[in-house]
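So the chains spell out like this:
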Amino acid sequence: MSSIIQLLPDHVANQIAAGEVVQRPASVVKELLENAVDAKATDIKLIIKEAGKALVQVIDNGMGMSVTDARLCFERHATSKIRQAEDLFSLHTKGFRGEALASIAAIAHMEMKTKQDQEELGTHIVIEGSKFVSQEVAVLPKGTSFAVKNLFFNIPARRNFLKSDTVEFRHVMDEFQRVALAHPNIHFTFYHNGSELYNLPAAGYRQRIVGMMSGKTNEKLVPVNEDTEIINVQGFVCKPEFAKKNRGEQFFFVNDRFIKSGYLHHAVMAAYDGLLKDGSQPSYFLYLQVPPNTIDINIHPTKTEIKFDDEQALYAILRASIKHSLGQFNVAPVLDFDRDSNLDTPYHYKDLEGETPTIQVDGTFNPFTDDKTNQHYSKSSSGSGSSGSSGSGSGSYSSGSGSYSGYSKRVEPTASWESLYVGLETESIESSPFTFENEEVTSSLFNDEDVEQAIQKTYQIHKKYIVSPIKSGMVIVDQQRAHQRILYEQFLLNMTVNQASSQQLLFPLDLFYSSAEMELIEELKPSLETTGFVFDAAKADHIVISGIPVNITESEVSLVIEQLLSDLQDGIPASSYSQNDTIAKSMAKSLAVKTGSYLTEKEQDNLVNGLFACKDPNISPFQKPTFITMRVEDIDKKFAL
């Protein structure tokens, strides 16, 4: 029997490996940026066209490569990061597998230019689908430039599975943020379709976070700093009042490498216990430094998952350090109700020793020489032969033929309480006699004409359901789903048929967002204007709203837009109807009355009547039932058991 197992050619093996390493243009951005960081570059430029489908170019001023290394770097398992298996447990670089460049070159047109500082000339290599097209000597600046064009040109199935440019660009933006936030000491520049999006000079962690997110981020950050034997925690967490609905601004960096860890995220949420609203997510930027031999990075192709030696200790330290930071900056509430915050010792003064106060003594001070305004002294004398008397005010003392009046204190008579009423007219106030009801009350507790009005048509149960009687029995309405259906049809009608009315704000609202969110808002602006929003201006990092729909309060505007951005993070539908439908669903979900809200009788009636006035009252916009009916026969069967 002939052999059927054969060794695959290198270009086929590279394409198979590319399926794990390169999933979309953002994967190329990640690998090239990490290579530039490993090359000890201090200035990195990222150039993107058509969300990375047409071009991904990374230019750095790193150490560059020699002619031999430039040719060898495109081979599989060729790397300068490790030499032996033991090096996997003491990694200090981003890459270590040696598969990225070979995988990218197998599915794209690739062009590389590189030059070392001590060399006069550099190397220019062109590769198309793992095939070397040309290799030439060129005059180049120090560093390396990789240009990846026509991604997945030889794998059309993979190219067809790519999302829209908006979605793919958002993934590219995420990868750029993760690398730029991890290395604030490197100057990063980001260009998309010829326009500059980011220009981040080398700075500290706080300046890099503010430059990456928005200008208003600075006032939201609370610093975290804890140094122990097994871990060093630095970074920032955001104040609870700035928590968002989505989990966009949550970053863990372990040894300057972005990771995802549900276990560590739970530690952060435990530190915020009792400080967040339901469904809110805090933002955090935490940098963890651990010994390289205590972690294992080689467990996932994207290297975003890490195994720790002692996860329980890391959990406890991370939670305690965040709790301490929230407490020391008076973000967390204090349970001492008699505490006066004005008497608190500032945090920076808690370890300072108190100075001994200096004492100054006035040697010339004599309390008996001071004249007091409320004391009057008189000195008097009388001739001989005067009889001793105890006159008022002078207190005389007689002895023999004369008398001597010494010093005496004249007591001023104080005004009595009756002087407060001097000048007031004294008129006799006659009090009307009180009458007491002695007759027995025999009338009815309710007036006959009010009996009909006292009958309640609807009832609220557990602040969740509304029960209304009907001829055949009763109907039980889910108040949240019913309100979602009502609002959904109202918004959809305003966006498609009617012109929505808006209420003008006395003071315009300034709402700050990141660059990616601002681009999404720009695309949604025409649809939002049909619902009643009025935009005054749109800056680089914020929008100005001067009018809002009539059924939205000013405090709900930011929540509505955040929910809308969260629902559309996977892309905006191409068709206008689908886009309007998505916006109407998102706004209805944000503004609908929530479970646990108390409704008055009038609100209950309006909700039930509004639901059954809808075109499709049976289901909510999210395909869930809004009400159920129970017939009297069904209730009778329950009692018949």
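Calculation rules
Residues numbered from 1 in each chain as written. Predicted model: local features only at pLDDT ≥ 70, side-chain atom pairs only at ≥ 80, totals over all residues. Heavy atoms only, no water. Core = buried A, V, L, I, M, F, W, Y, C linked by side-chain atoms within 4.5 Å. Buried < 20%, exposed > 50% of the residue type's maximum accessible area, 1.4 Å probe, protein only. Helix = DSSP H or I, 4+ residues; strand = E, 2+ residues; numbered from the N terminus. Contact = heavy atoms within 4.5 Å. pLDDT = per-residue confidence, 0-100. Pairing = 2+ DSSP bridges. Axes fitted to C-alpha atoms, helices over the stretch in contact; angles between N-to-C directions. Salt bridge = Lys/Arg side-chain N within 4 Å of Asp/Glu carboxyl O. Phe/Tyr/Trp six-rings, centres within 6.5 Å; stacked < 30°, edge-to-face > 60°.

A. How the structure looks around the nonpolar core. By size, the foremost hydrophobic cluster in this structure holds 61 residues, and its most contacted members are Leu32, Phe74 and Phe176. The element contributing the most residues to this core is helix α6 (residues 165-182), with eight residues. Beyond its immediate sequence surroundings of up to four residues, Phe74 is in contact with Leu101, Ala102, Ala105, Met110, Met112, Ile125, Ile127, Phe132 and Phe146. Membership of the second largest hydrophobic core comes to 32 residues, among which are Leu505, Leu524, Ile561 and Leu564.

B. View of the confidence of the model for the protein chain. Mean pLDDT over the protein chain stands at 78; residues scoring 70 or higher make up 75%. Across residues 373-409, where pLDDT falls below 50, the model places 26 contacts with residues more than four positions away in sequence or in other chains. Overall, residues 441-454 carries pLDDT values under 50, and its contacts beyond four positions in sequence, including any with other chains, amount to zero contacts.

C. Structural view of the sheet that holds strand β9 (residues 221-227). Within the open sheet, the five strands sit side by side as β9-β10-β13-β11-β12. Their pairing is mixed. At either end of the open sheet lies a strand with only one pairing partner, and these are β9 and β12 (257-259). Here the average twist between neighbouring strands, direction ignored, is 20 degrees. Judged from the three bridges that link them, strand β11 (residues 250-254) and β12 form a sheet pairing that is antiparallel. Bridging across to β12, Val254 finds its partner in Arg257. Packing of α6 onto the sheet brings it into contact with β11, β12 and β13 (284-289), and relative to β11 it is tilted by some 50 degrees.

D. Representation of the pattern of salt bridges within the structure. One pass over the structure, following the stated rule, counts twelve salt bridges. Among the ionic pairs, Asp478 bridges to Arg481, the shortest N-O distance being 3.9 Å.

E. The arrangement of the packing of aromatic side chains in detail. Under the defined criterion, the tally for this structure stands at 17 aromatic pairs. Seen from their ring centres, Phe74 and Phe132 are 6.1 Å apart, and the 85 degrees between their planes marks the pair as edge-to-face. Separated by 58 residues along the polypeptide, Phe74 in the loop between α3 (67-72) and α4 (100-106) and Phe132 in strand β5 (residues 131-138) bring together distant segments of the chain. Using a relative accessible area of 7% as the deciding quantity, one classes Phe74 as buried. A relative accessible area of 28% means that Phe132 is categorised as partly exposed. A ring pair is formed by Phe169 and Phe190, whose centres lie 6.1 Å apart and whose planes are at 25 degrees; its orientation type is stacked. Of this pair, Phe169 sits in helix α6 while Phe190 sits in strand β7 (residues 187-192), and the two are 21 residues apart along the sequence. For the pair formed by Phe169 and Phe190, the shared burial category is buried. Through pairs of rings, three or more aromatic residues link up here, namely Tyr205, Phe251, Phe253, Phe258, Phe285 and Tyr287.

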